[in-house]
Amino acid sequence: MLNEKVMKQVSFDDTDNLAVTAVRMLSMDMISRARSGHPGLPLGASPMAYVLFSRHLRVDPSFPQWFNRDRFVLSAGHGSAMLYSLLHLSGFSLSRSDLMNFRQLGSKTPGHPEYGVTPGVDATTGPLGQGIGMAVGMAMAEAHLAADYNQPNLNVVDHYTYALCGDGDLMEGVAAESASLAGQLKLNKLIVLYDSNDISLDGPLSNACHDDVAGRFLSYGWNYSRVADGNDLDAIDDAITAAKQNQDGPTLIEVKTQIGAGSPNAGTNKVHGAPLNAADLEATRNTYGWNNDPFTVPAEVHERFMTTIKARGWASHQEWSNLITRYATVEPELASQFAKGLSQEAPADLTDQLPIYYKKDSLASRASGSEVLQKLSAALPNLWGGSADLFSSNKTAIAEDDRFSAENPQGRNLWFGVREFAEAAAMNGIALHGGSRVYGSTFFVFSDYMKPAIRLAALQKLPIIYVFTHDSLAVGEDGPTHEPVEQLAALRAIPGLAVFRPADGNETVAAWQTALQSVDHPTAIILSRQGLPTLPQAAARVRSGVKRGGYVVRDAQGDAEGILMASGSEVKLALGAQEQLAEMGHDVRVVSVPSFEQFNMQSTAYRERIMPIKLRRRVAIEMASGLGWCQYVGLDGAMLTQEQFGASGPGEQVMEMAGFTVDRVVQAYLGLN
């Protein structure tokens, strides 16, 4: 297995060189047929990718989701044609016809790699830099689960994470954040191949960047090596072999290549992102002596792939399956827990283990959220997560556990540092890896730093949980830089992301529980800094209502004439306004809407029951941008929302200045026709 000494294999032969050419030419065939794509990377980077696949990567093409496989992330996702060529030749369920439909609507070969669409693709990439961050998360998950489950002679979690990146990846800030985190954690089973060709889309790299990449990564705590000739298969193999023996940190292998190698415009940005024209394609084929028909490769190339990648992967998978059988006999309790982690199974009695809040309780939802988290972490040993240097403020540390580190990989508290983008990207990698559930936290306003990775989480349908605290103008003294205004609307606009803004402790319990029951989408839970009184509804009814996204908190005494609706701390304002309006002879209903997404998924009958169409006098109250509320208030209603930045001062004074008072809610309602 992986803990055995890595041995150098025999030198590469003519068939290997032919296989590299096949990868290059299949990629050109795909791009040419599609009249769209990026030929530069496949022509330059295919040798290093072939060495990785043929000599090192342990995957089973017959079972792409085999858990103990090595992971490979093409961070430079614009080189997708190269990846699809490798997957096709390796025996994954990717046919010649699939290659011919490259970049076509509904195909298994989209323009950039998409997880869940193409067998063998371990992560959705294309937004540069994020692939490195996801690879870091995968390596974190491997280290953590190995520490949790491996026993003497029973290494059930034992694999490498590889990534291939380019100059553009390394210019992105998330790559720097992620690399720094990986070095801090000494993730020695993370190996990144750097396609170093000194060209970016617009021209020479030197026009925009002069970084000492080796110096950067060495300062992060990485190992570094350099291959001077990107076509030297033996040198690339030696570098990867040496990297697998490193025990003191991750490794970056800089491989000097020529973008678009073999084509007339090699070494220039002209070959980065535009298909080769017919004359240039013919010249490139002549350079490599390639006389095969499009989408056709020699039989000996197919045979080489089958006898290396596919055979090795199948044998490794069988060995691991036998190991798991022995593991279940020797370590039945650990085996059961491991299986539950893989399946994302939660305890059937989870509800019984969670707190219940009563009328006398008044807690900030970040505080009740912390209490819920402690109960969940005790019930779910595969749950772990962290904060961007805000554990004390977010209250998201698992109190009975330690920090995840190189010295203590079993720790469940992830210290991401002030690296919000890397935090979100790493969580994507952890979720993609499988075997655990992960959450991450920061101040809500700083979700802006995470949004590109949150978007990728939603696109990949990953069950990640984001905990964002300090949710509104009530942040107060820290001022407008820290008071969220537009963030709620921005997150609600992301397709496939469920957003919850609980109004009390019981709603917070329900938000967490709903998030943990979700297996095909991420969830954001937005929590308050200020205290929230417990709502006047039994906990069971509140939990049921939150799972549906909206429910009646307190109904009118008789026939309602209107509706006050809100989320989070503003539900308290709606209840206060309901009482004042009742004294004035206006009988209204109060509705809590903690999640637009959940509410909109309910049946028409349920939504009509909560917000009857006949009740056209409606007011929505939320200390955030009003975008989205119009779908509930209609043309006849009103919104008391926040349409400008906040101010610095005590929270209560800032909220009053902005008009978030019971009197203003009452006035808004009375102003309706």
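Residues numbered from 1 in each chain as written. Predicted model: local features only at pLDDT ≥ 70, side-chain atom pairs only at ≥ 80, totals over all residues. Heavy atoms only, no water.

1. Focus on the overall build of the protein chain
Within the protein chain, the regular secondary structure consists of 25 helices and 20 strands. Computed over C-alpha atoms, the radius of gyration of the protein chain comes to 28 Å, within 12% of the 26 Å expected from 2.2 N^0.38 for 673 residues, which places it in the range of a compact globule. The burial tally for the protein chain puts 61% of its 673 residues in the buried class. Taking contacts inside the protein chain between residues at least 6 apart in sequence as the whole, the part at least 24 apart equals 77%. When the accessible surface of the protein chain is totalled, it reaches about 25300 Å², and 50% of it is carbon and sulfur. (Helix = DSSP H or I, 4+ residues; strand = E, 2+ residues; numbered from the N terminus. Rg over C-alpha atoms; globule rule 2.2 N^0.38 Å. Buried < 20%, exposed > 50% of the residue type's maximum accessible area, 1.4 Å probe, protein only. Contact = heavy atoms within 4.5 Å. Areas by Shrake-Rupley, 256 points an atom, 1.4 Å probe, with all protein chains shown as cover.)

2. Some words on the packing of aromatic side chains
Taken as a whole, this structure holds 21 aromatic pairs when the rule is applied. With a centroid separation of 5.5 Å and an interplanar angle of 75°, the aromatic rings of Phe217 and Tyr220 are classed as edge-to-face. You can see Phe217 and its partner Tyr220 sitting in helix H8 (residues 213–220), three residues apart, about one turn around the helix. Look at Phe217 and you get buried, because its relative accessible area is 3%. Between Tyr439 and Trp512 the ring centres are 5.9 Å apart and the planes differ by 80°, which places this aromatic pair in the edge-to-face class. Of the two residues, Tyr439 is situated in strand S11 (residues 437–443) and Trp512 in helix H18 (residues 505–517); the sequence distance between them amounts to 73 residues. (Phe/Tyr/Trp six-rings, centres within 6.5 Å; stacked < 30°, edge-to-face > 60°.)

3. A closer look at the sheet that holds strand S19 (residues 617–621)
Consider a sheet: its strands pair through backbone hydrogen bonds, and that pairing is either parallel or antiparallel. Read across the open sheet, the five strands follow the order S16-S18-S17-S19-S20; overall the sheet is mixed. Where the open sheet ends on each side, the last strands, each with one partner, are strand S16 (551–554) and strand S20 (638–640). Shown here is a sheet whose adjacent strand axes are inclined to one another by a mean of 30°, direction ignored. Bridge count between strand S17 (residues 562–566) and strand S18 (residues 588–592): five bridges; the pairing is parallel. Residue pairing in the sheet places Met565 in a bridge with Val591 of S18. In this fold helix H20 (residues 570–583) packs onto S16, S17, S18 and S19, with an angle of close to 175° to the strand it touches most, S18. In the packing of helix H25 (residues 662–670) onto the sheet, contacts are made with S17, S18, S19 and S20, and the angle to S19 comes to roughly 150°. (Pairing = 2+ DSSP bridges. Axes fitted to C-alpha atoms, helices over the stretch in contact; angles between N-to-C directions.)

4. Considering unusual backbone geometry
Residues apart from glycine generally show negative phi values, whereas peptide bonds are mostly found in trans. The phi dihedral of Arg103 falls on the positive side, at around 65°, and the residue is not glycine. By the element assignment, Arg103 lies in the loop between helix H4 (96–100) and helix H5 (130–149). A residue is classified by how much of its surface remains accessible, and Arg103, at 26% relative accessible area, is partly exposed.

5. Regarding the nonpolar core
In this structure, Leu376, Trp512, Leu564, Met565, Met611 and Ile621 are the most contacted members of the largest nonpolar core, which totals 68 residues. Look past the residues within four positions of Trp512 in its chain and what remains in contact with it is Gly369, Val372, Leu373, Leu376, Tyr439, Ile465, Val467 and Ile525. Judged by nonpolar contacts, the second largest core, of 63 residues, contains Phe12, Leu57, Leu89 and Ile191. (Core = buried A, V, L, I, M, F, W, Y, C linked by side-chain atoms within 4.5 Å.)

6. Some thoughts on the environment of Arg55
The residue Arg55 is located in helix H2 (residues 40–56) in this model. In this structure the C-alpha to C-alpha distance between Arg55 and Ile309, which are 254 residues apart in sequence, comes to 7.6 Å.

7. Here we look at the pattern of salt bridges
Taken as a whole and judged by the stated rule, the model has 22 salt bridges. The shortest N-O distance in the salt bridge between Asp401 and Arg412 comes to 2.9 Å. With Asp401 in the loop between helix H14 (391–394) and strand S10 (413–415) and Arg412 in the loop between H14 and S10, this pair connects stretches of sequence that are eleven residues apart. By relative accessible area, Asp401 is classed as partly exposed at 22%. For Arg412, a relative accessible area of 11% puts it in the buried group. The salt bridge partner of Arg501 is Asp471, with a shortest N-O separation of 2.9 Å. Taken together, the positions of Arg501 in the loop between strand S13 (498–500) and H18 and Asp471 in the loop between strand S12 (465–469) and helix H17 (487–492) put the pair 30 residues apart, joining distant regions of the chain. For Arg501, a relative accessible area of 1% translates into the label buried. Counted as one network, the salt bridges with shared partners bring together Asp471, Arg492, Arg501, Glu570 and Glu622. (Salt bridge = Lys/Arg side-chain N within 4 Å of Asp/Glu carboxyl O.)

8. So, the UniProt feature "domain: Transketolase-like pyrimidine-binding" (unreviewed entry) in the protein chain
The feature "domain: Transketolase-like pyrimidine-binding" (unreviewed entry), as annotated in UniProt, sits at residues 363–534 in this numbering. The span residues 363–534 shows a helical share of 38% and a strand share of 19%, and its end C-alpha atoms are spaced 8 Å apart. (UniProt positions renumbered as here; feature names shortened; annotations may be inferred.)

9. A few points about the environment of Leu615
Relative to the helices and strands, Leu615 resides in the loop between helix H22 (604–610) and S19. Residue class for Leu615 comes out buried when judged on its relative accessible area of 6%. Linking Leu615 and Gly637, residues 22 residues apart in sequence, is a C-alpha distance of 9.9 Å. With residues near it in sequence (within four places) discarded, Leu615 still touches Ala560, Glu561, Gly562 and Ile563.

10. A short note on the sheet that holds S11
An order of S10-S9-S11-S12-S14-S13 is seen for the six strands of this open sheet, with the pairing classed as parallel. One side of each edge strand has no neighbouring strand; the edge strands of this open sheet are S10 and S13. Within the sheet, the average angular offset between the axes of one strand and its neighbour, ignoring direction, is 20°. The pairing of strand S9 (residues 383–387) with S11 spans five bridges and is parallel. Bridge pairing links Ser387 to Ser441 in S11.

11. Some thoughts on the packing of helix H1 (residues 14–34) against helix H10 (residues 278–287)
A pair of packed helices is characterised by two quantities: the angle between their axes and the separation of those axes. In contact at an axis separation of 11 Å, H1 and H10 are set at 170° when each is read in the N-to-C sense. Here H10 runs roughly antiparallel to H1, going by the angle between their axes. Listed contacts from H10 to Met25, Met28, Asp29 and Ser32 of H1 are Leu281, Thr284 and Arg285. Across the contact of H1 with H10, the residue classes break down as three nonpolar, two polar and two charged. (Parallel < 35°, antiparallel > 145°, perpendicular 65-115°, else oblique. Nonpolar A, V, L, I, M, F, W, Y, C, P; charged D, E, K, R; others polar.)

12. Some remarks on the pairing of strand S14 (residues 523–526)
Judged by which residues are buried, S14 turns out to be covered on both faces: Thr523 and Ile525 on one side and Ala524 and Ile526 on the other are all buried. One ladder, built from four bridges, connects S12 with S14; its direction is parallel. In the strand pairing of S14, Ile465 is matched with Thr523. Regarding topology, H18 serves as the crossover connection from S13 to the parallel S14, and that connection is right-handed. (Right-handed = clockwise from strand over helix to strand, strands pointing away.)

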